[in-house]
Amino acid sequence: WHLVHTKSANVDFLADQWIDRTILLWSMTSATVSREIEPRSGTTEERIEAARRCRQAGFPVRVKFKPIVPVRGWQEEAREMIDGVMTHAKPETIGLCFIAWMSAPELERIIDPEMLDPRFLQGMRESVEAMRGIRPGPFPDDLRAEVYDFYLCEIRRHDPDVPVFLCTESRELWRQFA
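Definitions and limits used
Residues numbered from 1 in each chain as written. Predicted model: local features only at pLDDT ≥ 70, side-chain atom pairs only at ≥ 80, totals over all residues. Heavy atoms only, no water. Helix = DSSP H or I, 4+ residues; strand = E, 2+ residues; numbered from the N terminus. Rg over C-alpha atoms; globule rule 2.2 N^0.38 Å. Buried < 20%, exposed > 50% of the residue type's maximum accessible area, 1.4 Å probe, protein only. Contact = heavy atoms within 4.5 Å. Areas by Shrake-Rupley, 256 points an atom, 1.4 Å probe, with all protein chains shown as cover. Lys, Arg positive; Asp, Glu negative; His and termini not counted. Charge placed at Lys NZ, Arg CZ, Asp CG, Glu CD. Salt bridge = Lys/Arg side-chain N within 4 Å of Asp/Glu carboxyl O. Axes fitted to C-alpha atoms, helices over the stretch in contact; angles between N-to-C directions. Parallel < 35°, antiparallel > 145°, perpendicular 65-115°, else oblique. Left-handed = near helix turned anticlockwise from the far one by under 90°. Disulfide = S-S within 2.5 Å. Expected span 1.5 Å × (residues − 1).

Caption draft 1: Molecular detail of the overall build of the protein chain. On a plain count of helices and strands, the protein chain comes out with nine helices and five strands. Compactness check: the protein chain gives a C-alpha radius of gyration of 16 Å against a globular reference of 16 Å for 178 residues, within 12% of the reference. The buried share of the protein chain, taken over its 178 residues, is 48%. Within the protein chain, residue pairs in contact and separated by at least 24 positions form 72% of the contacts whose partners lie at least 6 positions apart. Accessible area of the protein chain: about 9,400 Å², with a carbon and sulfur share of 50%. Charge-centre separation for the protein chain: the mean point of 24 positive side chains lies 5 Å from the mean point of 29 negative side chains.

This is the structure in structure tokens:
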């Protein structure tokens, strides 16, 4: 099998041909993240449409909500994105992956702190020492768990059976969400 992991909406070349044993996996991000942090990638809506077209063409389609970034208004944006994905793309599996693999100061160099939900920004800053060297950082477990719980509830409203998994996560959260 081939796994194609993309953020692109460029699937026209796939529509007219069948690529045997190919699974297509989209990283989906909220509207603000796709527009402001990933400006040269497909928008959230474009990625959803690309996934829908490929599923309709017969390809296995999977989705990772990646990276999950707690921007201001993240709940509303996540709800809209999940509704679109579950209604149109109908993935066979879903991954959840919080923005990770960096320290709080590094994240603040990459993403304007004003874009972040103030409570998450404060929690990240307060946890700098505790999260030092922790791969799923820079946000502490309790904040990541809050977001995962929200995403899971929204996903389950649409499909109680679709397999959901966590990526780049602590054993504690893997156990908590088992």
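Caption draft 2: Inspection of the pattern of salt bridges at higher detail. Scanning the entire structure with this criterion turns up 15 salt bridges. As a salt-bridge pair, Glu38 and Arg47 come within 2.7 Å of each other at their nearest N and O atoms. A residue is classified by how much of its surface remains accessible, and Glu38, at 9% relative accessible area, is buried. Between Arg132 and Glu129 there is a salt bridge, with its nearest N and O atoms 2.3 Å apart. Considered together, Arg132 and Glu129 belong to a single accessibility category, that of exposed residues.

Caption draft 3: Local environment of unusual backbone geometry. Cis geometry marks the peptide bond from Lys66 to Pro67; its omega dihedral reads -10 degrees. Within the element layout of this structure, Pro67 appears in strand S3 (residues 61-68). In this structure, Lys90 takes a positive phi of about 50 degrees despite not being glycine. Phi at Trp101 is positive, roughly 65 degrees, even though this residue is not glycine. For Trp101, the location among the structural elements is in the loop between strand S4 (94-98) and helix H5 (104-110). In this structure Trp101 comes out as exposed when scored by relative accessible area, which is 57%.

Caption draft 4: Structural detail: the environment of Pro113. In this structure, Pro113 sits in the loop between H5 and helix H6 (118-126). In this structure, the C-alpha to C-alpha distance between Pro113 and Val71, residues 42 residues apart in sequence, is 9.0 Å. Those residues in contact with Pro113, other than ones at most four positions away along the chain, are Glu108, Leu121 and Arg125.

Caption draft 5: Quick look at the packing of helix H3 (residues 44-56) against helix H4 (residues 74-89). Orientation of H3 relative to H4, taken along the N-to-C sense of each, is 15 degrees, at an axis distance of 9 Å. One way to sum up the angle between H3 and H4 is to call them roughly parallel. Handedness of the crossing formed by H3 with H4: right-handed. Contact residues: Thr44, Ile48, Ala51, Arg52 and Arg55 in H3; Met81, Gly84, Val85, His88 and Ala89 in H4.

Caption draft 6: Seen up close, the state of the cysteines. What the rule picks out here adds up to zero disulfides. Considering cysteine sulfurs only, Cys167 is the nearest to Cys153, which forms no disulfide, with 19 Å between them. Residue Cys167 stays outside any disulfide, its sulfur separated by 5.0 Å from that of Cys97, the closest cysteine. Judged by its relative accessible area of 10%, Cys167 is buried.

Caption draft 7: Fine view of H4. Here H4 contains 16 residues, and its C-alpha end-to-end distance of 21 Å stays within 8% of the 22 Å for a straight helix at 1.5 Å per residue. Every buried residue belonging to H4 is among Trp74, Glu77, Ala78, Met81, Ile82, Gly84, Val85, Met86 and Ala89, and all of these are buried. Lys90, located one to two residues past H4, shows a positive phi value of around 50 degrees.

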